[in-house]
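Summary of structural features
As a plain string of letters, each chain reads:
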Amino acid sequence: MVKEEIEGLIESGRARVGVIGLGYVGLPLAVEFARRGLRATGFEVDSAKAASVNRGESYIGDVPAAALKEAVSSERLRATTDFGELAGCDCIVICVPTPLRKTKEPDISYILAAAGEIRRRLRRGQLVVLESTTYPGTTDEVLLPMFEEQGLKLDEDFLLAFSPERVDPGNPQFRTDNIPKVVGGCTDDSTAAAAALYGRVVREVHAVSSARVAEAAKLLENTFRAVNIGMANEMARLCYHLGIDTWEVIRAAATKPFGFMAFYPGPGLGGHCIPLDPHYLSWKARQHGFESRFIGLAEEVNSRMPEHVVQLVAEGLNEERKAVNGSRVLVLGVAYKRDIADVRESPALSIIDRLRAKGAHVSYHDPFIARLNFEGEHTASAGEPLESVELTDDVLKGADCCVIVTDHSAVDYKRLCELSKLIVDTRNALGRDLRRAASASIIKL
Ligand SMILES: NC(=O)c1ccc[n+]([C@@H]2O[C@H](COP(=O)([O-])OP(=O)(O)OC[C@H]3O[C@@H](n4cnc5c(N)ncnc54)[C@H](O)[C@@H]3O)[C@@H](O)[C@H]2O)c1
């Protein structure tokens, strides 16, 4: 039986694991497999990334260089662009991107490309696991028929499962090994073998009855965040009108020990997951004639936050008898969240673009992002790239307005309050004491 063969290989440490896509998800996972004694091969289309892995040089913040070096030098991990080597892998995990098309429909072309490479080499005795976030049904409806086209049979010849990734970049508390992993196979054997694989690298595996359940669970998790952040953002807009501090309201509500979970407002959603994943669910819902209204509403509220931030800048400048047009605006933090080097879907792009379209002279400072490119929808202002500026006294004093878009911990907020004229704080980065002592005018989201 294929299941027993694969489980035996995993248990004995002889299983060879292939990880397709060595990004934020795939690289930490491949390193973890190697750390736990399996031989891992990373498959990349980006030859620069493959070469970097093979030199033991990490390009992902959450993967310490020492761990990568150790995995590579012990010959438990190597990366390749040669997909022919997939034939030698017993377990193959797909960790490729799942973006949206311009129409906000799922773009599973990367999954299809990876699955196409597997299909060409699929052989008896392999377990394939999809990790990329996607709509319920992708594993069963798309991957399974592709693999069975080769004449091989599920369970008899190969196994197929879905297991969503939950990595939280920049979170030092939760890493690959201590985040419970949900696993759902296309068959019970597939679930069991995939659970055995992840059981090697994570402390807790939660098996579910199907791949669809696992796919839906991931989308529920991220939709839950998008909807609750939408609620917090709506609350922030309301509190602004009421003259109440939203964060104080949320902190007070969060003292309730049951039935409440704190979510905080911000300048808009960012990253590769929360702004995109709910669309995978609403798209699937529409296929079944169902309109997912919470998702639509959260998207509407969250996507208006950058515009709201620009409005706050305009109001602050107006108080000083200045116009946005011609003002110098310094954006602090452009990564989509604190202390990481990732600008994907960052609201900073939209905020800067909107400010520049109104004639502001925008500069930015981000200790993690040296250069910012504007593409696609963020080019209303011609999309000239920007480079991070040093936070010198002159830069701070010269800005008509500083906007805290991302609250990186390396920024000296006390100095910011002392030297700036006007600050728009979208993250509650300035505590009450700083605000009280500040010479700058401060507007909170
Ligand atoms: N980043 C996160 O925080 C996070 C968290 C949970 C889930 N996810 C999901 O995990 C998946 C991967 O996300 P990510 O953030 O790691 O993306 P990423 O862009 O960081 O990495 C994907 C990698 O796959 C490579 N790639 C693309 N097509 C390929 C192919 N055909 N063969 C081999 N390599 C290929 C790319 O070059 C890139 O290095 C997505 O579905 C995402 O939604 C991401």
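All values derive from a computational prediction rather than experimental measurement.

Let us now look at the environment of S190. You can see S190 is positioned in helix α7 (residues 188-199). Spatially, the C-alpha atom of S190 lies 9.4 Å from that of V2, the residues being 188 residues apart in sequence. In contact with S190, not counting residues within four places along its chain, are L127, L154, D155, L159, L160, A161 and G185. In this structure the side chain of S190 is engaged in a polar contact, spanning 3.1 Å, whose partner is the backbone nitrogen of L160.

With that out of the way, let us pick up the side chain of H279. For H279, the location among the structural elements is in helix α10 (residues 277-287). By relative accessible area, H279 is classed as buried at 12%. Among the polar contacts listed, one links the side chain of H279 to the side chain of E299, at a separation of 3.2 Å. Once residues lying within four places of it in the same chain are set aside, the contact partners of H279 are L100, K104 and E299.

Below, the discussion takes up the state of the cysteines. This model, assessed by the stated rule, comprises 0 disulfides. No disulfide involves C91; its sulfur sits 8.7 Å from the nearest other cysteine sulfur, which is in C89. In this structure C417 is a free cysteine whose sulfur lies 9.6 Å from that of C402, the closest cysteine sulfur available. The class for C417 is buried, based on a relative accessible area of 2%.

To continue, consider the layout of surface pockets. Considered as a void within the structure, the second largest pocket measures approximately 280 Å³ in volume. If you go around the second largest pocket, you meet 16 residues; those closest to its centre are E32, D62, P64, R175 and T176. Top contributing element to the lining of the second largest pocket by residue count: helix α2 (residues 26-35), with 4 residues. Its residues placed into classes, the lining of the second largest pocket shows 8 nonpolar, 2 polar and 6 charged.

Strand order in this open sheet of 5 strands is β10-β9-β13-β14-β15, and the pairing throughout is parallel. With one partner strand each, in any of the chains shown, β10 (361-365) and β15 (441-444) form the two edges of the open sheet. Here the average twist between neighbouring strands, direction ignored, is 20 degrees. Here strand β13 (residues 401-404) pairs with strand β14 (residues 422-425) via 3 bridges, running parallel. Opposite C402, over in β14, you have I423 as the bridge partner.

Definitions and limits used
- Residues numbered from 1 in each chain as written.
- Predicted model: local features only at pLDDT ≥ 70, side-chain atom pairs only at ≥ 80, totals over all residues.
- Heavy atoms only, no water.
- Helix = DSSP H or I, 4+ residues; strand = E, 2+ residues; numbered from the N terminus.
- Contact = heavy atoms within 4.5 Å.
- Polar contact = N/O pair within 3.5 Å; in protein donor to acceptor, adjacent residues only side chain to side chain.
- Buried < 20%, exposed > 50% of the residue type's maximum accessible area, 1.4 Å probe, protein only.
- Disulfide = S-S within 2.5 Å.
- 1 Å grid on protein atoms, 1.4 Å probe; cavity = no way out; pocket = protein on both sides within 12 Å on 5 of 7 lines; lining within 4 Å.
- Points joined across faces, edges and corners; volume = space filled by probe spheres on them.
- Nonpolar A, V, L, I, M, F, W, Y, C, P; charged D, E, K, R; others polar.
- Pairing = 2+ DSSP bridges.
- Axes fitted to C-alpha atoms, helices over the stretch in contact; angles between N-to-C directions.

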